[in-house]
Amino acid sequence: MAEDEVVDPIRPEFPTGRVKKIMKLDNDINKVNSEALFLISCSTNLFLQFLAERSAEVAAEKKKKIVKFDHLRTAVKRHRPTSDFLLDSLPIPAESTQSDARPVTDRDRSLPVSDKPVPAGTRRIDHFFRKTENEAPIQINDA
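Residues numbered from 1 in each chain as written. Predicted model: local features only at pLDDT ≥ 70, side-chain atom pairs only at ≥ 80, totals over all residues. Heavy atoms only, no water.

Trainee: Give a detailed account of the pattern of salt bridges, specifying residues and quantitative values.
Mentor: The final tally for this structure, using the stated rule, is two salt bridges. We note a salt bridge from arginine 78 to glutamate 61, for which the minimum N-O separation is 2.9 Å. Taken together, the residues span a long stretch of sequence, with arginine 78 in helix H3 (residues 69-78) and glutamate 61 in helix H2 (residues 34-61) at a distance of 17 residues. Residues aspartate 84 and arginine 80 are paired through a salt bridge, measuring 3.7 Å at the closest nitrogen-oxygen approach. With aspartate 84 and arginine 80 both in helix H4 (residues 80-86) and four residues apart, the pair spans about one turn of that helix. (Salt bridge = Lys/Arg side-chain N within 4 Å of Asp/Glu carboxyl O. Helix = DSSP H or I, 4+ residues; strand = E, 2+ residues; numbered from the N terminus.)

Below, the structure is given as structure tokens:
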């Protein structure tokens, strides 16, 4: 590389504080090195880009403009290394007949996400991003 070239630093797109908290959820991890944090953030970004691209390809093959969960699941199934570890974590799609299917109403759409029922086999991570009860709210004075 020539000395005149200026290289833009690579910045991870995910908040490093949250990535660090998620990494520390593993009981085996006590401290997180800044280089490891950077690599995990960048590799997570690349992995999600890969999944999004493959899911978009599946949707395009089926002549759909919107990528849905079934497209993601198909993309994961097609890529062997990904399906080995990720397929078990994805919720199984609910296969229902027309008589069992309940139409989506305006009432369902207006509910906040936290009040909507979660699909079978999934869990919410909302509690991870909430502040603890003992944290006081930040006061801003516009004096």
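Trainee: Any chance you could break down a nonpolar patch on the surface for me, citing the residues and the numbers?
Mentor: Together, Ile10, Phe38 and Leu39 make up an exposed nonpolar region whose accessible area comes to about 310 Å². Along the polypeptide, phenylalanine 38 turns up in helix H2. (Patch = residues over 30% accessible without salt bridge, like charges linked within 9 Å, V, L, I, M, F, W, Y side chains within 5 Å. Areas by Shrake-Rupley, 256 points an atom, 1.4 Å probe, with all protein chains shown as cover.)

Trainee: Go over the side chain of histidine 71, please, and point to the residues and values.
Mentor: Residue placement: histidine 71 occurs in helix H3. Beyond its immediate sequence surroundings of up to four residues, histidine 71 is in contact with Ser55, Val58, Ala59, Lys62, Lys64 and Ile66. (Contact = heavy atoms within 4.5 Å.)

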